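Descriptive analysis of the structure
This is what each chain is made of:
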Amino acid sequence: MASFALAHTNLALVKYWGKEDEKLRLPSAPSLSLTLNAFYTKTKLSLSKENKFVLDGREEKGEEAQRVFSFLSSLLSLFRLPSSRFFIESQNFVPKSAGFASSASAFCALAAAFSKEMGLCLSKRELSIASRLGSGSAARSVYGGFVLWREGEGSRESFAVPIEEKPSMPLSVLFLSFGEKKKKISSSEGMKLSKSSPFFQIWREECRKACKEAEKAIKDDSFESLGEISERNACQMHALTLSCGFSYLSQLSLRALSLAKELREEGVSCYWSCDAGSNCALLCRKEDLDIVRKRAEKVFASSVTCFSAGPGNGVEAWSES
Ligand code: PMV
């Protein structure tokens, strides 16, 4: 018998950037995301005589495998299960070579397949807590649509909750890949460095405020408000890293930010976002996706590869004999 899980990635509209507890991955502030339909990880997990991790058809033996198995052993101790070994086969339907993070979908799928295989019948809340131990953003991939990850006092209180699993807002995300292969500063390292910023407390407060405002914008079905909140929050995150002497942004990322502004001036609602890398995302109304894509392809020509996505579903897990 083997268990399977499929989890989608998510784009943070209010970013998780800073931890209160490194090991438990307790965030310094709440974050809010949109689960995406186009990018996902499918994972098969079964009990085995030895640990083996196959990613996209190739056996992994290095750092990635180590992270996966130390995550699984932390789940074994969390649920007081006897020591076990696993055979894991994962397929990432995330353009990883284009520099998009797959840790959210990867760890969420892994936690869900583990829960299924071990017969744990975890609630979504417990699954969110378990996924969080692998990668913070994975806590949010448990649910579809708009998701809020509360900061919480301890590990039992830090989990994601759904805001609107099937968003009524007709929104699309256009990802702009500028070909960056691997970020020089991992998100964990970047978060650690950012905590020394004199603006870190302000950043925390801004995220708390932005989550409340974003929830209201979602409730009011106001795409423009949500877009403005997201763009402001992404700019603040990158200002925070710059205040510590490093940046993920390239000239092309900054050009994408001004492109969003130009489009707005022309009457197209379009907003910029960017995570821990130079690739960017442009949020727009579904009906404007073609206009935004055409402009991006014109402005960036051969420097860009575009991928589009809409709201996606939460994690699913099943068993097969
Ligand atoms: O979950 P991690 O450790 O890969 O960190 C994610 C960090 C950002 O993508 C920049 C923000 C976020 O909330 O997803």
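Quick look at the site of the ligand
Around the ligand sit 13 residues, and of these A12, Y16, S135, S137 and R140 come closest. Between the ligand and Y16, the relevant distance is 2.9 Å, taken from an oxygen atom to a main-chain nitrogen or oxygen of the residue. One of the side-chain nitrogen or oxygen atoms of S187 is found 3.4 Å away from an oxygen atom of the ligand. Its free accessible area being 380 Å², the ligand has 93% of it covered by the protein chains. Its residues placed into classes, the shell around the ligand shows 5 nonpolar, 5 polar and 3 charged. Three or more residues apiece are contributed to the shell around the ligand by two domains, here domain 1 (2-167) and domain 2 (171-309).

A word on the domain arrangement of the protein
Entries for the protein in the domain assignment read domain 1 (2-167) and domain 2 (171-309). Inter-centroid distance (C-alpha atoms) of domain 1 to domain 2 is 23 Å. Buried surface at the junction of domain 1 and domain 2, summed over both partners, amounts to about 3,100 Å²; 70% is from carbon and sulfur atoms. Considering only the surface of domain 1 that becomes buried against domain 2, L13, K15 and W17 emerge as the three largest contributors, covering 27% of it. Between domain 1 and domain 2 we count 4 salt bridges in total. When the shortest N-O distance is used, the salt bridge between K15 and D275 registers 2.6 Å. No other element matches the 7 residues that strand β4 (residues 31-47) contributes to the side of domain 1 that touches domain 2. Classifying every residue of the side of domain 1 that touches domain 2 gives 19 nonpolar, 6 polar and 8 charged.

Some remarks on unusual backbone geometry
Glycine aside, residues mostly have negative phi, and peptide bonds are mostly found in the trans state. Backbone geometry places R25, a non-glycine residue, at a positive phi of 50°. Along the chain, R25 falls in the loop between β2 (19-21) and β3 (26-27). A positive phi angle is found at R80, which is not glycine, with a value near 50°. By secondary structure assignment, the location of R80 is in the loop between α1 (63-78) and β7 (86-93). Look at R80 and you get exposed, because its relative accessible area is 75%.

Let's talk about the sheet that holds strand β10 (residues 171-177)
What the 4 strands build is an open sheet, ordered β11-β12-β10-β13; its pairing is antiparallel. Edge positions in the sheet fall to β11 (270-274) and β13 (305-309), since each of these pairs with one other strand and no more. Averaged over all neighbouring strand pairs, the angle between strand axes comes to 25°, with direction disregarded. Sheet topology note: the β10/β13 ladder contains 5 bridges and is antiparallel. Bridging from a neighbouring strand, L176 pairs with C306 of β13. Where helix α8 (residues 289-300) meets the sheet, its contacts fall on β10, β11, β12 (280-285) and β13, and the angle it forms with β10 comes to roughly 15°.

Regarding the packing of aromatic side chains
In this structure the tally under the stated criterion is 11 aromatic pairs. Their ring planes at 85° and their centres at 5.8 Å tell us that W17 and Y248 sit as a pair that is edge-to-face. Taken as a pair, W17 in the loop between β1 (2-14) and β2 and Y248 in the loop between α6 (223-242) and α7 (251-265) lie far apart in primary sequence, 231 residues in all. Neither W17 nor Y248 differs from the other in exposure class; each is buried.

Notes on the pattern of salt bridges
The full count for this structure, using the stated rule, is 16 salt bridges. R204 is the salt-bridge partner of E20, the closest N and O atoms lying 4.0 Å from each other. Taken together, the residues span a long stretch of sequence, with E20 in strand β2 and R204 in helix α5 (residues 200-219) at a distance of 184 residues. Here R208 and E151 are joined by a salt bridge, their closest N and O atoms 2.9 Å apart. Highlighted residues: R208 in helix α5 and E151 in the loop between β8 (146-149) and β9 (160-164), separated in sequence by 57 residues. If you follow the salt bridges from partner to partner, you end up with R255, E262, E266 and R295 in one network.

Some details on the packing of α7 against α8
Where α7 meets α8, the axes come as close as 11 Å, and the angle between the chain directions of the two elements is 135°. Judged on the interaxial angle alone, α8 and α7 are oblique. Here α7 runs over α8; the crossing is right-handed. Residues L252, R255, A256, L259, E262 and L263 of α7 pack against V292, R295, A296, V299 and F300 of α8.

So, how was this worked out
- Residues numbered from 1 in each chain as written.
- Predicted model: local features only at pLDDT ≥ 70, side-chain atom pairs only at ≥ 80, totals over all residues.
- Heavy atoms only, no water.
- Near = heavy atom within 4 Å.
- Polar contact = N/O pair within 3.5 Å; in protein donor to acceptor, adjacent residues only side chain to side chain.
- Areas by Shrake-Rupley, 256 points an atom, 1.4 Å probe, with all protein chains shown as cover.
- Nonpolar A, V, L, I, M, F, W, Y, C, P; charged D, E, K, R; others polar.
- Domains from an automatic or database assignment.
- Buried area = accessible area lost by both parts, 1.4 Å probe.
- Salt bridge = Lys/Arg side-chain N within 4 Å of Asp/Glu carboxyl O.
- Helix = DSSP H or I, 4+ residues; strand = E, 2+ residues; numbered from the N terminus.
- Buried < 20%, exposed > 50% of the residue type's maximum accessible area, 1.4 Å probe, protein only.
- Pairing = 2+ DSSP bridges.
- Axes fitted to C-alpha atoms, helices over the stretch in contact; angles between N-to-C directions.
- Contact = heavy atoms within 4.5 Å.
- Phe/Tyr/Trp six-rings, centres within 6.5 Å; stacked < 30°, edge-to-face > 60°.
- Parallel < 35°, antiparallel > 145°, perpendicular 65-115°, else oblique.
- Left-handed = near helix turned anticlockwise from the far one by under 90°.

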